[in-house]
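# Per-entry structural report
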Amino acid sequence: MGPPGAGKTTVGRVVAQRLGLPVIDVDDDILETTWKMPVAAKLAAVGGERFLEEEGQALCNFSASGCVVSLTGSNPLHNEAMQHVTHTGVVVYLDVDSEDILQRLERMKVSRIVGQEAGVSMRDILHYRKQFYEKWLDVRVLCGRGDTVEEIVEKVLKAVERYHNHAAETYVSTRSDGKGSSKPNTSFSDVVIEGLAADGGLYVPKNGFPKMAADQWLRLVDMSYPEQALVLLEKCIHPLDVSALDLRRMVFKAYGSNFSCEAVAPVKHLMDHMYVQELFHGPTASFKDLALQLMPQLFAHCLPPMCNYLVLVATSGDTGSAVLRGFSRLSASDRHRTGVLAFFPEEGVSEIQKRQMTSYTEGNARAVGVLSDFDFCQRSIKRMFGESGLTGHLAVEYGTVLSTANSINWARLLPQVVYHSTAYLSLCRDGAIRFGEPIDVCIPTGNFGNAMSAVYAKQMGIPIRKVICASNHNHIVTDFINTGEYDLRGRRLMPSCSPAIDILKSSNLERLIYHISDGDGRLVKDLFIHLERQQHFQAAAPLLGRIQQEVLAGWCSENDCMAAIQSVHTQTSYIMDTHTAVAKVVATRLQDGTCPVVLSSTAHYGKFAPAVFKALQVQNVPDDPVGQLKKLQSTASRPPMHRDMMKCLEDSGGRGHSVCQDDYGVLVEEVEAMIRDSFLKVM
């Protein structure tokens, strides 16, 4: 299937020959045989509208199996015909570059196609038709510009083989030793729902990420963010787990008018060779929205019947409101079966972050403050998952299964690979680099999920030279990357002005070590069990050397963070939030200037207004968060104030919320209370 000029007939013949199957061309073998006249003559005789109807009916009357069928360019415009086709085979869409198609049609002396009205250009009618191809595809074959027939045939054969080999796309735990310790045949749907593997490890694709060729990446350069996300996620999620049509619906809902910027994750030049990717245009003004506007939809799609699910979240500030917002957009039936409970450190988030989280008071969603730090919250949730007595009790007593939306959940991490890829493509589109030239990315780093997704983007084929991890004074990740020693002994979490990275136990390091060690699950298990028991582990020198080939790391003091915000604003009128400032300081120190570096701007500066005012030395700051944002709005020239964040604060008015002690048993009680309130109410 594809537009006129896509090469369907030729490719179909060669594919059929390679597979040893008969080939049927709809134009030659069905339409002209049925009508007893050439297709062009039929179109001239009955006109475009009648032609589409008669063409569709002819296809409805056709049945075949065990063959390759080349559809016409207009077949997908007829719903009944395509419903008939999709029930009998796999629909492969030849997604050919429009410039290639226009050139072929010109060589074929085709000046008009079915449905093209007077005054409508060929380019416009091809663009209009694309929606119908997207509607019916099972498998997309993304063709590079100038691809030969032989190259397209190879891509078709690989795509069809992948479609029929669903069982090969399974997931394993980072702690799997390859000897049956991990559940076999774990699918995408399984890992989305389960979140954490039964052995305490994190799920990763057994066969790694798909690698895309340069010509395919170049096709993505001029696409919109949702279009880019759709193509990349189709490569990573098997269509039998989430169909292409369902995935398209989810992606375009996730990245639409809920983002304040049409580009979704734009890249802006900051200074010299330094760029900033603004990841804060989503509804809660945090990079977490890029994953959590999509992840809840994937979660709901994968839900098995006859069970309730409570999604537990530990948050250092931004994840909580992003999860609550993302799940609130589900359909009523999905919300009825899904609850969300977020635990956050009561004294470890900004006042604005707290107000965002506690503004969700209706439905099956709740945020609870804990008189401890993020690590305690995350450790408690992991402990709940690991206690079979507790999970069994909740399942039997309440019919409820626990899951998670932290970055330990694969469906949370996967969408983040997209924006690291689009950052590079944006630089290509704007002429800052040519495809193949390297860039570095510098990422404020706590739980290592954002940094890990950049490593995965590199595995897919994005030319990232170094992933630079930027820590604040809680720099345990930096220490590990520089020395190989991960040491929690006697280490206390220190509050900072960049609270989203105030983390000591970095969960996604498991995925990095698994990736770097070529999937040595036994090594990962030994290291992290040692960490749990002894609060310490040391990576061997060869492993550390391989880590340092991929990743650099540095840290930034509170004073240096404040100074960076002030300096950048003075030089460029651009206001960074505190986390972006940490990345700016570390990138300046570690990046050598021989290629562009992209800073991941993970939050809007308005979320940390008091710290920004301090950095900019602004006096007479209002106590009220709404007043603070309004004063910032009058101070800042770029980026503009975030509309949804302002509205959320104006509407919430500082509601009260639950706060509990730093006691694991108390958190378990909160979980049970949440389940009773969510799923056992008498309606």
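The following refers to the structure shown. (Residues numbered from 1 in each chain as written. Predicted model: local features only at pLDDT ≥ 70, side-chain atom pairs only at ≥ 80, totals over all residues. Heavy atoms only, no water.)

The strand order across the open sheet built from six strands is 7-8-18-13-14-17, with neighbouring strands paired in mixed fashion. Each edge of the open sheet carries a strand with a single partner, namely strand 7 (267-271) and strand 17 (551-555). Averaged over neighbouring strand pairs, the angle between their axes works out to 25 degrees when direction is ignored. Where strand 13 (residues 439-444) meets strand 18 (residues 597-601), three bridges bridge the pair, whose relative direction is parallel. Bridging from a neighbouring strand, Val-441 pairs with Val-598 of strand 18. The strands touched by helix 27 (residues 578-590) are strand 7, strand 8 (274-278), strand 13, strand 14 (464-471), strand 17 and strand 18; relative to strand 14, the strand with the most contacts, the crossing angle is about 125 degrees. (Pairing = 2+ DSSP bridges. Helix = DSSP H or I, 4+ residues; strand = E, 2+ residues; numbered from the N terminus. Axes fitted to C-alpha atoms, helices over the stretch in contact; angles between N-to-C directions. Contact = heavy atoms within 4.5 Å.)

The parallel open sheet is built from five strands, whose spatial order is 12-9-10-11-19. In this open sheet, the two edge strands, each paired with only one partner strand, are strand 12 (400-404) and strand 19 (658-660). The mean angle between the axes of side-by-side strands here comes to 30 degrees, regardless of whether they run parallel or antiparallel. Contacting strand 9 (308-314), strand 10 (338-345) and strand 11 (365-370), helix 15 (residues 318-328) crosses the sheet at an angle of about 165 degrees to strand 10.

Geometrically, a packed helix pair is captured by the angle between its two axes and the distance between the axes. With their axes 9 Å apart at the nearest point, helix 12 (residues 244-254) and helix 14 (residues 295-302) run at an angle of 150 degrees to one another. By the criterion of interaxial angle, the relationship of helix 12 to helix 14 is roughly antiparallel. The two elements helix 12 and helix 14 meet at a crossing, and its hand is right-handed. Contacts between helix 12 and helix 14 involve Asp-246, Leu-247, Arg-249, Met-250, Lys-253 and Ala-254 from the former and Gln-297, Leu-298 and His-301 from the latter. Its residues placed into classes, the contact of helix 12 with helix 14 shows four nonpolar, two polar and three charged. (Parallel < 35°, antiparallel > 145°, perpendicular 65-115°, else oblique. Left-handed = near helix turned anticlockwise from the far one by under 90°. Nonpolar A, V, L, I, M, F, W, Y, C, P; charged D, E, K, R; others polar.)

So, about the side chain of Ser-359. Take Ser-359: it is sitting in the loop between helix 17 (351-358) and strand 11. By relative accessible area, which is 17% here, Ser-359 ends up buried. A distance of 2.7 Å separates a polar side-chain atom of Ser-359 from the backbone oxygen of Gln-356. (Buried < 20%, exposed > 50% of the residue type's maximum accessible area, 1.4 Å probe, protein only. Polar contact = N/O pair within 3.5 Å; in protein donor to acceptor, adjacent residues only side chain to side chain.)

Counting buried residues along strand 12, four of its five residues qualify, which places the element largely inside the surrounding structure. Bridging between strand 9 and strand 12 involves five bridges; their strand directions are parallel. Note on strand 12: the bridge partner recorded for Leu-310 is Leu-402.

Right, let's get into the state of the cysteines. Enumeration over the complete set of coordinates arrives at zero disulfides. Cysteine Cys-307 remains unbridged, with the sulfur of Cys-302 as its closest cysteine sulfur at 14 Å. Judged by its relative accessible area of 19%, Cys-307 is buried. (Disulfide = S-S within 2.5 Å.)

Here strand 3 (residues 92-95) shows two buried faces, one formed by Val-92 and Leu-94 and the other by Tyr-93 and Asp-95. As paired elements, strand 3 and strand 4 (residues 139-142) share four bridges and run parallel to each other. In the strand pairing of strand 4, Asp-95 is matched with Leu-142.

This part is about the nonpolar core. With 115 residues, the main nonpolar core has Phe-188 and Tyr-255 as its most contacted residues. Beyond its immediate sequence surroundings of up to four residues, Phe-188 is in contact with Tyr-171, Ile-237, Asp-241, Val-242, Leu-298, Cys-302, Trp-410 and Leu-414. Core analysis: the next-biggest nonpolar cluster, separate from the first, contains 44 residues, Met-274, Ala-285, Cys-442 and Leu-616 among them. (Core = buried A, V, L, I, M, F, W, Y, C linked by side-chain atoms within 4.5 Å.)

A separate point is the packing of helix 17 against helix 30 (residues 643-652). Packing of helix 17 against helix 30 leaves a shortest axis separation of 9 Å and a crossing angle of 70 degrees. Considering the angle they form, helix 17 stands roughly perpendicular to helix 30. In this structure, helix 17 uses Ile-352, Arg-355 and Gln-356 to contact helix 30, whose residues at the interface are Met-645, Cys-648, Leu-649 and Ser-652.

One pass over the full model with this rule turns up 37 salt bridges. One salt bridge in this structure joins Glu-134 and Arg-140, with 2.8 Å as the shortest N-O distance. In this structure, Arg-355 engages Asp-624 in a salt bridge whose closest nitrogen and oxygen atoms are separated by 3.7 Å. In this pair, Arg-355 is assigned in helix 17 and Asp-624 in the loop between helix 28 (609-616) and helix 29 (625-635), connecting sequence segments 269 residues apart. Residue classification places Asp-624 among the partly exposed residues on the basis of a relative accessible area of 36%. (Salt bridge = Lys/Arg side-chain N within 4 Å of Asp/Glu carboxyl O.)

Residue position: Leu-240 is located in the loop between helix 11 (225-236) and helix 12. Between the C-alpha atoms of Leu-240 and Ile-30, which are 210 residues apart in sequence, the distance is 30 Å. What Leu-240 contacts, discounting residues up to four positions off in sequence, is Tyr-163 and His-166.

Unusually for a residue other than glycine, Ala-285 sits at a positive phi of about 65 degrees. Its location among the elements puts Ala-285 in the loop between strand 8 and helix 13 (289-292). With a phi close to 65 degrees, Ser-573 is a non-glycine residue in the positive phi region. Following the sequence through the fold, Ser-573 ends up in the loop between helix 26 (558-572) and helix 27.

So, about the packing of aromatic side chains. This model, assessed by the stated rule, comprises 17 aromatic pairs. Connected via pairs of aromatic rings, a cluster forms that spans Tyr-171, Phe-188, Phe-209, Trp-410 and Tyr-456. Across from the ring centre of Phe-252, 4.4 Å away, lies the NZ or CZ of Arg-248, which sits over that ring. Seen from the ring of Tyr-664, Arg-383 lies directly overhead, with NZ or CZ sitting 3.7 Å from the centre. (Phe/Tyr/Trp six-rings, centres within 6.5 Å; stacked < 30°, edge-to-face > 60°. Lys NZ or Arg CZ within 6 Å of the ring centre and 35° of its normal.)

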